[in-house]
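# Structure at a glance
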Amino acid sequence: MQTTSSNDSAEPMMEINTTPLIDVLLVLIIMLIITIPPQTHAVKLDLPQNSEAPPPPVEPTKNKLVITQTGAILWNGTPVTLQQLRTYLDVSQQMNPVPELHLQPEPNARYELVDEVLAVTKKAQVSKMGFVGNEAYSSF
């Protein structure tokens with residue numbers, strides 16, 4: 001214990017030195033301010049993209065999806081990308097009643113592309129889907 005120089009009776013000093021405590025608290029406050037991430041005031045929006053051609057309509061009863069041997073995906077006869085296909089599938093799943101999806105891959109179509117299309121239909125949670133034209137595979 002620390003004693004004061006003016007204390008002749010050698011009694012311990014009863015005051016606590018708070019300077020180190022205040023220093024530690026100031027360091028902790030500074031560390032807290034530094035580690036808090038800055039607030040971003042940006043609002044993230046997914047804005048629609050301007051497309052040149054109007055999208056092919058989603059039929060209310062059935063939609064035909066053809067995968068060609070050249071690697072094209074045709075939605076009711078119109079070429080589409082996988083992103084557009086997902087959009088059309090989402091729209092069709094919101095309709096009441098849900099239209100059927102007829103999937104018809106050509107016999108020489110790449111399996112990888114057919115697998116990617118099936119993955120997109122699974123992510124879109126297509127409930128009514130059928131494979132059309134299976135008789136074309138009987139010669140393989």
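Structure first, text after, so check above.
First things first, this report covers the structure right here in the doc. Since the model is a prediction, treat every value here as computed from it, not as a measurement. (Residues numbered from 1 in each chain as written. Predicted model: local features only at pLDDT ≥ 70, side-chain atom pairs only at ≥ 80, totals over all residues. Heavy atoms only, no water.)

## A short note on the overall build of the protein
Each helix and strand counted, the protein has three helices and five strands in total. Along the protein, from the amino end to the carboxyl end, the secondary structure elements read α-β-β-β-α-β-α-β. Looking at the 140 residues of the protein, the share that counts as buried comes to 20%. On the protein, roughly 11200 Å² of surface is accessible, and the fraction owed to carbon and sulfur atoms is 59%. (Helix = DSSP H or I, 4+ residues; strand = E, 2+ residues; numbered from the N terminus. Buried < 20%, exposed > 50% of the residue type's maximum accessible area, 1.4 Å probe, protein only. Areas by Shrake-Rupley, 256 points an atom, 1.4 Å probe, with all protein chains shown as cover.)

## Here's the deal with the packing of helix 2 (residues 82-94) against helix 3 (residues 111-123)
Any two packed helices are characterised by how steeply their axes cross, that is the angle between the axes, and by the distance between the axes. Interhelical geometry of helix 2 versus helix 3 gives an angle of 35 degrees and a closest axis separation of 9 Å. As helix 2 packs across helix 3, the resulting crossing turns out to be right-handed. Contacts between helix 2 and helix 3 involve Leu82, Leu85, Arg86 and Leu89 from the first element and Glu116, Val117, Val120, Thr121 and Lys123 from the second. Looking at side-chain class alone, the contact of helix 2 with helix 3 contains five nonpolar, one polar and three charged residues. (Axes fitted to C-alpha atoms, helices over the stretch in contact; angles between N-to-C directions. Left-handed = near helix turned anticlockwise from the far one by under 90°. Contact = heavy atoms within 4.5 Å. Nonpolar A, V, L, I, M, F, W, Y, C, P; charged D, E, K, R; others polar.)

## Concerning the nonpolar core
Of all hydrophobic cores here, the largest spans 18 residues; its most connected members are Leu65, Ile67, Trp75, Leu85, Leu89 and Val117. For this core, the elements supplying multiple residues, two or more each, are strand 1 (62-67), strand 2 (73-75), helix 2, strand 4 (100-105) and helix 3. Ranked by the residues each element gives to this core, the list is headed by helix 3, at four residues. (Core = buried A, V, L, I, M, F, W, Y, C linked by side-chain atoms within 4.5 Å.)

## Observations regarding the sheet that holds strand 4
One open sheet holds the five strands; their spatial order is 3-2-1-4-5, and the pairing between them is mixed. At either margin of the open sheet sits one strand with a lone partner, and together these are strand 3 (78-80) and strand 5 (129-131). Each neighbouring strand pair of the sheet contributes to a mean axis angle of 30 degrees, computed without reference to strand direction. Note: strand 1 against strand 2, three bridges, orientation antiparallel. Residue pairing in the sheet places Leu65 in a bridge with Trp75 of strand 2. In the packing of helix 2 onto the sheet, contacts are made with strand 1, strand 2, strand 3 and strand 4, and the angle to strand 3 comes to roughly 110 degrees. (Pairing = 2+ DSSP bridges.)

## Observations concerning the pairing of strand 1
Looking at chain direction, strand 1 and strand 4 are connected through six bridges and run parallel. Across the sheet, the residue bridging to Leu65 is Leu103, located in strand 4. From the end of strand 1 to the start of strand 2, which pair antiparallel, there are five residues, and Gly71 there has a positive phi angle of about 95 degrees.

## Some details on the environment of Leu118
Structurally, the position occupied by Leu118 is in helix 3. With relative accessibility at 28%, the residue Leu118 sits in the partly exposed group. The contact partners of Leu118, leaving out residues within four places of it in the chain, are Leu103, Met129 and Phe131.

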